[in-house]
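Secondary and tertiary structure notes
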Amino acid sequence: QVQLVESGGGSARTGGSLRLSCGVSGLGYRPYCMGWFRQAPGKGREGVAAMLIGSGSTYYADSIKGRFTISQDKAKNILYLQMNGLKPEDTAMYYCAHVPRWINNCHLQTDFRNWGQGTQVTVS
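Notes on the structure follow. (Residues numbered from 1 in each chain as written. Predicted model: local features only at pLDDT ≥ 70, side-chain atom pairs only at ≥ 80, totals over all residues. Heavy atoms only, no water.)

1. Side note on the sheet that holds strand β2 (residues 10–12)
Filter applied, for reference: A pair of strands is labelled paired if DSSP reports no fewer than 2 bridges between them. Numbering of helices and strands starts at the N terminus; helices are DSSP runs of H or I of at least 4 residues and strands are runs of E of at least 2. Orientation is described by axes fitted as lines to C-alpha atoms, over the contacting stretch for helices, and by angles from 0 to 180 degrees between their N-to-C directions.
The sheet built from six strands is open, its strands ordered β2-β10-β9-β4-β5-β6 with mixed pairing. With partners counted over all chains shown, the strands left at the sheet margins are β2 and β6 (58–60), one partner each. On average, adjacent strands in this sheet sit at an angle of 20 degrees to one another, irrespective of strand direction.

2. Quick notes on the state of the cysteines
What counts is decided by this rule: Cysteine sulfur pairs qualify as disulfides if the two atoms are within 2.5 Å. Three exposure classes are used, based on accessible area relative to the maximum for each residue type with a 1.4 Å probe and protein chains only: buried under 20%, partly exposed in between, and exposed over 50%.
Inspection of the entire model under this criterion finds two disulfides. Here Cys22 connects covalently by a disulfide to Cys96, the sulfurs 2.0 Å from one another. A torsion of 65 degrees about the S-S bond marks the disulfide between Cys22 and Cys96 as right-handed. Here the residue Cys22 occupies a position in strand β3 (residues 18–25), and Cys96 occupies one in strand β9 (residues 92–99), the gap between them amounting to 74 residues. Disulfide partner of Cys33: Cys106, at an S-S distance of 1.8 Å. Of this pair, Cys33 sits in strand β4 (residues 33–39) while Cys106 sits in the loop between β9 and β10 (119–123), and the two are 73 residues apart along the sequence. Like Cys33, the residue Cys106 is buried in the burial classification. Sequence-ordered numbering of the bonded cysteines in the protein chain gives a pairing of 1-3, 2-4.

Shown next as structure tokens:
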């Protein structure tokens, strides 16, 4: 059924770059929105970036705006998060998720479904 699998995490130096990937399968429909979230130890999960699939419009958290870019490969059904200018505070487990087409909201974290298992990003 529905599967979202994150990959591409790892260790990077401050100022370095990483590219995260989220493979999506089993949805059977075009989602309304796709997004990236992260959670550091002892902290709550926070939104990082999101994309309206239909229009391609994007949203970014203030903490990463100008450094991260969300994009998609429509043919391969892959969501990407290009992370440049990494900082130690970016260290977290990164997750991808989607908003079903029948919800039509890309701002409420509770609307995102089918969270992947995450990929760890460590910056030092």
